[in-house]
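Overview (structure and organization)
Each chain, written out:
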Amino acid sequence: MTNSVSSKFPVNELCPILSIDLTALSHNYVALQKKSGNAKLATVVKADAYGLGIDNIVPVLKAAGCESFFVATANEAAALRAITNDSDIYIMNGLTCDGAELADKKLAPCLASAEEVARWITLCADRSSNLPAAIHIDTGFNRLGICPDDWPEIADQVKAGLFTPRLIMSHLACSEHKEHPKNRSQLEKFEAARQLFPDVTASLANSGGIFLGSDFHYNLIRAGIGLYGSVEFDTADAGLQNVLSLHVPILQIRDVKQGETVGYGCDFIAQRDSQVAILGIGYADGIFRHLGDLENKPASATVALEGQMLPLIGRISMDLTTIDVTDFNGKLEKGMMVELIGENIKLADVAKRANSISYEILTRLGTRYKRYYKQSDKP
Ligand SMILES: *Cc1c(COP(=O)(O)O)cnc(C)c1O
């Protein structure tokens with residue numbers, strides 16, 4: 001294995017380490033592509049690749065075969081263009097800026113209303129060019145997307161050759177729930193829209209959509225969370241690997257007598273003479289307070305130290321977190337690294353215990369980590 005550290009710190013102190021396994025990422029791309037049948041696997045790298053860092057993530061996805069990338073905003077798209085000159089780049093939030101700025105960089109907005117389509121048509125006419133853009137169809141999500149009432153007019157504009165969308169897309173509201181009737185309902189509406197835009201490349205599925213079956217695959221998949229190795233839905237047979245690990249140093253180990261309290265609010269009261277380890281991480285680093293003690297709820301999270309599971313105790317503070325190491329079997333030392341997310345502690349489980357979803361955990365991870373990007377020398 002070769003390691004590369006992405007960020008520079010002036011002082012070399014004990015600090016949490018985020019490891020991102022690029023070989024696992026590449027494996028996951030191939031695994032999801034295999035599950036996607038004939039559809040091409042495009043990837044979603046919005047919010048800096050779900051917090052993992054586009055600079056390191058995107059080249060690996062490209063090498064694995066990805067040709068199209070989706071981001072949320074025009075600024076994300078411009079940053080991505082600086083990394084990849086030859087990929088298709090789609091902006092899912094729509095036409096949020098002057099289209100000329102996008103056209104110059106060959107960035108494709110996902111046009112989300114009749115008004116945005118009209119502005120794009122004007123730009124295409126000005127430049128006498130069919131500039132790349134997608135049309136984003138609303139099939140019942142009621143977030144972004146062109147309403148059914150506006151589909152026929154846009155279909156007429158396309159027929160008249162005013163512009164040709166490169167992609168017709170829509171987004172599923174409940175793809176992680178296989179049995180949810182909304183999936184079928186959105187599929188039917190998407191089919192209806194496609195009748196109006198018959199020869200346009202079509203995209204409906206996100207990661208969850210891949211596992212709804214081939215009806216949902218169409219021509220292009222927009223996969224995000226599945227690649228980054230954490231999913232809350234059933235992907236057992238896909239063989240996805242863990243990408244992200246978070247290890248945190250023990251800053252101090254202390255004895256706490258029975259009856260003493262630990263941390264803010266005195267929520268944790270030692271039921272026995274205990275040993276407590278203080279970890280250098282807190283909610284400022286994206287560790288959700290719901291993982292620790294809260295006024296009416298005891299801490300629910302566990303961590304792993306040398307493969308042994310240990311409970312988190314007390315409230316999570318801004319920069320520090322406490323765990324009970326009384327039952328740890330072995331020698332305890334300052335500087336030992338405790339796993340908060342990784343092979344033993346699954347991101348999806350952390351998310352559940354934090355009353356959140358893995359998407360939110362990933363995108364909240366802060367800036368105080370040392371990041372290691374691991375890659376096998378040979379694939
Ligand atoms: C975020 C997003 C995706 C990716 O979804 P995952 O569940 O992470 O695979 C796809 N399409 C749209 C419109 C999105 O907003």
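Remember, predicted model here, so these are calculated numbers, not experimental data. (Residues numbered from 1 in each chain as written. Predicted model: local features only at pLDDT ≥ 70, side-chain atom pairs only at ≥ 80, totals over all residues. Heavy atoms only, no water.)

1. A short note on the overall build of the protein
Let me state the cut-off plainly: Only DSSP runs of H or I reaching four residues or more are called helices, and only runs of E reaching two or more are called strands; each is numbered from the N terminus. Two residues qualify as a contact provided that any one of their heavy atoms is within 4.5 Å of a heavy atom in the partner residue. Areas reported as accessible are Shrake-Rupley estimates using a 1.4 Å probe. Residue values count occlusion only from the protein chains shown.
For the protein, the count of helices and strands is 11 helices and 19 strands. Counting only C-alpha atoms, the protein reaches 80 × 45 × 35 Å along its principal axes. A separation threshold of at least 6 residues defines the contact pool for the protein, and within that pool the share at least 24 residues apart is 67%. For the protein, the accessible surface area stands at approximately 17500 Å², while carbon and sulfur atoms represent 48% of it.

2. Focus: the domain arrangement of the protein
Spelled out, the test is: Each domain's extent is set by a domain assignment, obtained either automatically or from a database. The working definition used for a salt bridge is a side-chain nitrogen of Lys or Arg within 4 Å of a carboxyl oxygen of Asp or Glu. The term polar contact refers here to a pair of N or O atoms within 3.5 Å; inside protein, the definition further demands a hydrogen-donor-capable atom paired with an acceptor-capable atom, and it admits residues adjacent in sequence only when both atoms are side-chain atoms. Any residue outside Ala, Val, Leu, Ile, Met, Phe, Trp, Tyr, Cys, Pro, Asp, Glu, Lys and Arg is labelled polar, Gly included; the first ten of those are nonpolar and the last four are charged.
For the protein, the domain assignment lists domain 1 (36-229) and domain 2 (244-375). Computed from C-alpha coordinates alone, the two centres of domain 1 and domain 2 are separated by 39 Å. Taken together, the contact pairs nine residues of domain 1 with eight residues of domain 2. One can count zero salt bridges joining domain 1 with domain 2. Put simply, domain 1 and domain 2 have three residue pairs in polar contact (both at pLDDT 80 or more) between them. Sorting the residues of the side of domain 1 that touches domain 2 by element identifies α2 (46-50) and α3 (54-64) as the ones contributing at least two each. Of the residues in the side of domain 1 that touches domain 2, the class split is six nonpolar, three polar and no charged.

3. Focus: the pairing of strand β16 (residues 308-313)
Test applied: A strand pair is defined by DSSP finding two or more bridges across the two strands.
Pairing between strand β15 (residues 302-305) and β16: four bridges, direction antiparallel. Counterpart to V303 in the pairing with β16 is L310. Across two bridges, the pairing between β16 and strand β17 (residues 321-324) is antiparallel. Its bridge partner lying in β17, L312 is registered against I323.

4. Here we look at the site of the ligand
We apply this condition: Being near a molecule or strand, for a residue, means having at least one of its heavy atoms within 4 Å of it.
The environment of the ligand is formed by 13 residues, the closest being K46, Y50, S207, I225 and Y359. In this structure, Y359 approaches the ligand through a side-chain N or O atom, which is 2.6 Å from an oxygen atom. Taking 390 Å² as the accessible area of the ligand by itself, protein coverage stands at 94%. A class-by-class count of the residues in the shell around the ligand yields six nonpolar, four polar and three charged.

5. Considerations on the nonpolar core
Stated formally: Side-chain atoms within 4.5 Å are what join buried Ala, Val, Leu, Ile, Met, Phe, Trp, Tyr and Cys residues into a set we call a nonpolar core. Buried residues are those whose accessible area, probed at 1.4 Å on protein chains only, stays under 20% of the maximum for their type, while exposed residues exceed 50% and partly exposed ones sit between those limits.
Ranked by size, the top nonpolar core spans 116 residues in total, and within it V45, F70, W120, F163, Y228 and L246 carry the most contacts. Two domains each donate at least three residues to this core, and these are domain 1 (36-229) and domain 2 (244-375). Formed by seven residues, the second largest nonpolar core is a distinct cluster that contains V256, V262, A270 and V276.

6. Examining the UniProt feature "binding site: substrate" (unreviewed entry) in the protein
Going by this rule: UniProt positions are given in the numbering used here, feature names are shortened, and annotations may be inferred rather than shown by experiment.
Look at the UniProt record and you will see "binding site: substrate" (unreviewed entry) annotated at R143 and M318. Over a stretch of 176 residues, the named residues are scattered through the fold, their C-alpha atoms separated by up to 33.7 Å. Setting aside its immediate chain neighbours within four residues, R143 contacts D138 and H171. By the secondary structure assignment, M318 is in the loop between β16 and β17. M318 has contacts with G282, Y283, A284, D285 and R368, leaving out every residue within four places of it along the chain.

7. Focus on the pattern of salt bridges
If charged atoms from side chains of opposite charge come close, those side chains can pair. Inspection of the entire model under this criterion finds 16 salt bridges. Between R368 and D285 there is a salt bridge, with the nearest N and O atoms lying 2.9 Å from each other. On the criterion of sequence distance, the pair formed by R368 in the loop between α11 (358-364) and β19 (370-375) and D285 in the loop between β14 (274-279) and β15 is long-range, its members being 83 residues apart. The salt bridge involving R364 is made with E360; its shortest N-O contact spans 2.6 Å. Taken together, the positions of R364 and E360, both in helix α11 and four residues apart, correspond to about one turn of that helix.

8. Thoughts on the sheet that holds strand β7 (residues 134-136)
Which entries qualify depends on this criterion: Axes, fitted as lines to C-alpha atoms, cover a helix only where it is in contact. Angles between the N-to-C directions of the axes lie from 0 to 180 degrees.
Pairing is parallel in the open sheet, where eight strands are placed in the order β9-β8-β7-β6-β5-β4-β3-β10. At either end of the open sheet lies a strand with only one pairing partner, and these are β9 (202-203) and β10 (220-223). Note: β7 against strand β8 (residues 167-169), three bridges, orientation parallel. By the bridge assignment, A134 is partnered in β8 with L167. Packing against the sheet, helix α6 (residues 114-127) makes contact with β6 (107-111) and β7, and its axis sits at approximately 145° to β6. Seen against the sheet, helix α8 (residues 181-196) touches β8 and β9 and runs at an angle of roughly 155° to β8.

9. Let's talk about the packing of helix α1 (residues 22-35) against α3
Let me state the cut-off plainly: Should an angle fall under 35 degrees it is taken as roughly parallel, and over 145 as roughly antiparallel, whereas 65 to 115 is taken as roughly perpendicular and any remaining angle as oblique. The sense of a crossing depends on the near helix, which, turned anticlockwise from the far helix by less than a right angle, makes the crossing left-handed and, turned clockwise, makes it right-handed.
Packing of α1 against α3 brings their axes to within 9 Å, and their N-to-C directions diverge by 45°. When the interaxial angle is binned, α1 and α3 end up oblique. Judged by the twist between their axes, the crossing of α1 over α3 is right-handed. Side by side, α1 and α3 meet where L22, L25, S26 and Y29 of the first sit next to N56, I57, V60, L61 and A64 of the second.

10. Re unusual backbone geometry
With a phi angle near 50°, A47 is a residue other than glycine that sits in the positive phi range. Its location among the elements puts A47 in helix α2. The exposure class assigned to A47 is partly exposed, which follows from its relative accessible area of 35%. Backbone geometry places Y218, a non-glycine residue, at a positive phi of 50°. Mapped onto the elements, Y218 comes out in the loop between α9 (207-210) and β10. With relative accessibility at 15%, the residue Y218 sits in the buried group.

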